[in-house]
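# Close look at the chain arrangement
One letter stands for each residue in the lines below.
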Amino acid sequence: MHYSKEEISVIDEARVFGDLPISISNKNKLEDLNDEAIPNHIKDAVQHDELEHREFIDTEFWKELPVFKNVSREEFYDFKFQNKFTVRNIAKLEEYTEGLIDPSFIENVKRGMEKAPMNLSLSPYILSLINWEDPYNDPLRIQFVPIDSGFKPDHPKLSLDSLGEQQDSPVDGLVHRYFDKVLFLPLDVCSVYCRFCTRSYAIGGNTDSVDKKRFKNAPDKWKKAFAYIASRPEIEDVVISGGDAYMLAPSRLRMIGEVLLDIPHVRRMRFASKGPAVMPMKILTDNAWTEALIDIVKSGRERGKEVVLHTHFNSANEITDITRKAMLHLFQNGVTVRNQSVLIKGVNDTIDSMIHLVRKLSYMNVQPYYVYQHDMVTGTEDMRTSVRQTVELEKSVRGVTAGFNTPLFVTDAPGGGGKRDVHSFDYYDKVTGISIYRSPSVDDSKLYIYFDPIDTLPIEGQKLWEDESVHDDLIQNAINNSGFTSLTLYYKCMYWIMSYLAPTF
Ligand code: SF4
């Protein structure tokens, strides 16, 4: 059907006044469009790979691992199967990957585990999605399995608690940093352990190299945290993390939700879990857990309060048709899911990989909310990117989809400054890799510093960090150049520097 110019102007007018003379049957609205002339295209034809994010693996991919070759779809979807066959040590990893990988890789992992701040824990789902023909470059292996040959020397300013959470903790397992928000950490275990965990100081049990500060996974201990929240009328927002809320028994998940919803000033709650990325089938088969979550969300909505799930996908390789079904189930039951990625070298640090992830999440109605600059955590130097790279990546991602589905790229300011837009630094020296942030809403008297990984710096910058005696000068020069010399450097690892340089801070 073609319209004359006059007819088009009549139709435009009708559109404005809501009186469009188009009749579309109720039967199949798309069929009525078949007769329509297709308007001239103003964009090039779309390429197949631009829509790849709509494809979800629906094969029995786990059967490629000999150990799971006889596992049925029903069994693999069962969260109890996933828990039971989670790999928690190298011997199991060796057993489950026998015949698939060169023994030298296992030796490499053994040596890597001696240095790693996190223990090994791999769900069958993740284990099956790793490309064992090339484990060295696989984005899931990089996240969860340390290898000795991958380690790089730590930047001298890395630490296990780079965000300084412990110093903002009024009671065990509670962090109160922002005015109206707290972070409640009811447990210290997860379904998998991420090598880069920002809470390496506490999560997942002791390793060869780290004695951890354990959180208390017991309701009687949580009461102190609840009492603190109830006593502070400014707290409207509670993040329940850990560890991983996925590991809470349904009755405990429900109890936490109900207690917090009962506190009148608590208006928003976020349950944080990497679970959907590493064991999505739990949402489909652990009915008691999923129902508990859905009930809390509904109960919150009835009271005018928001309860959502925040998850943690880092790579499109973590997403299969099981994930799609799980996210659909939550969506259809009114659960909002937002995603917080960590930017990791070799995982999601290219424009294509990040755009692909953002589109895939959006397609599943998971809102890509944050991409974090990798925290400055000990033992993770091979995974960090520079601020310069992150700013460039942000520029390329912004605009590829709707704004509400475009993640904010943030630096969690080391030492406790909270989240800062990665490009909002007050000073950045690409040679030394020092960026300086202020965080007036957290503390307007402090400066926060992020250090780029040394191997990403130009040669002259790398040379500067070789000489330990000039490190303090590099930092002081950066502060002088920032113009904020009257503010105090607030960085946990630098108290000694502060006292050494006290007159100038
Ligand atoms: S799931 Fe979260 S808390 Fe657990 S190891 Fe990974 S990053 Fe840390």
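Please read all numbers here as calculations on a predicted model, not as lab measurements.

What counts and how
- Residues numbered from 1 in each chain as written.
- Predicted model: local features only at pLDDT ≥ 70, side-chain atom pairs only at ≥ 80, totals over all residues.
- Heavy atoms only, no water.
- Core = buried A, V, L, I, M, F, W, Y, C linked by side-chain atoms within 4.5 Å.
- Buried < 20%, exposed > 50% of the residue type's maximum accessible area, 1.4 Å probe, protein only.
- Helix = DSSP H or I, 4+ residues; strand = E, 2+ residues; numbered from the N terminus.
- Contact = heavy atoms within 4.5 Å.
- Phe/Tyr/Trp six-rings, centres within 6.5 Å; stacked < 30°, edge-to-face > 60°.
- Lys NZ or Arg CZ within 6 Å of the ring centre and 35° of its normal.
- Near = heavy atom within 4 Å.
- 1 Å grid on protein atoms, 1.4 Å probe; cavity = no way out; pocket = protein on both sides within 12 Å on 5 of 7 lines; lining within 4 Å.
- Sits in = over half its atoms within 2 Å of the grid points.
- Nonpolar A, V, L, I, M, F, W, Y, C, P; charged D, E, K, R; others polar.
- Salt bridge = Lys/Arg side-chain N within 4 Å of Asp/Glu carboxyl O.
- Domains from an automatic or database assignment.
- Buried area = accessible area lost by both parts, 1.4 Å probe.
- Polar contact = N/O pair within 3.5 Å; in protein donor to acceptor, adjacent residues only side chain to side chain.

The next point concerns the nonpolar core. Formed by 119 residues in total, the largest nonpolar core has its most connected members in L93, V238, M269 and F271. Take this core: its biggest share by element is six residues, from helix α12 (residues 287-302). Aside from chain neighbours lying at most four places away, what touches L93 is V87, I106, V109, L120, L122, L127, W132 and V145.

Right, let's get into the packing of aromatic side chains. Throughout the structure, instances matching the rule amount to 20 aromatic pairs. Through successive ring pairs, a cluster of aromatic residues spans F61, W62, F68, F76, F81, F85, Y96 and Y125. The cationic tip of R195 hangs over the ring face of F151; the distance from NZ or CZ to the ring centre is 5.7 Å. Positioned above the aromatic ring of F56 is the side chain of K360, whose terminal nitrogen or guanidinium carbon lies 4.3 Å from the ring centre.

On to the site of the ligand. As a matter of local geometry, the ligand sits amid M118, C190, Y193, C194, C197, G243 and K274. Here the ligand is seated within the largest cavity. Grouping the constituent residues of the shell around the ligand by class yields five nonpolar, one polar and one charged.

Below, the discussion takes up the pattern of salt bridges. Inspection of the entire model under this criterion finds 28 salt bridges. R73 is the partner of D58 in a salt bridge, and the nearest nitrogen-oxygen pair spans 3.1 Å. Here R73 lies in helix α2 (residues 73-77) and D58 lies in the loop between α1 (5-16) and α2, a separation of 15 residues in the sequence. The class for R73 is partly exposed, based on a relative accessible area of 29%. A salt bridge links D148 to K115; the shortest N-O distance between them is 2.4 Å. Note that D148 is positioned in the loop between α7 (139-144) and β1 (174-176) and K115 in helix α5 (residues 103-115), a separation of 33 residues in sequence. Each member of the salt-bridge network shares a partner with another, and the members are D180, E236, D237, R268 and R270.

Domain annotation of the protein chain identifies domain 1 (1-37), domain 2 (61-150), domain 3 (165-421) and domain 4 (422-505). Taken over C-alpha atoms, the centre of domain 2 sits 24 Å from the centre of domain 3. Counting residues at the interface gives 31 residues for domain 2, matched by 45 residues for domain 3. Taken together, the two surfaces of domain 2 and domain 3 that pack against each other cover about 3,000 Å², and 62% of this comes from carbon and sulfur. It is Y77, M118 and Q143 that lose the most area in domain 2 upon contact with domain 3, and together they represent 25% of the buried surface on that side. Inspection of the region where domain 2 meets domain 3 yields zero salt bridges. In this structure, the connection of domain 2 to domain 3 is made through 19 residue pairs in polar contact (both at pLDDT 80 or more). Broken down by secondary-structure element, the contributors of at least two residues to the side of domain 2 that touches domain 3 are α2, α3 (79-84), α5, α6 (124-129) and α7. Element by element, the count of residues in the side of domain 2 that touches domain 3 is highest for α7, at six residues.

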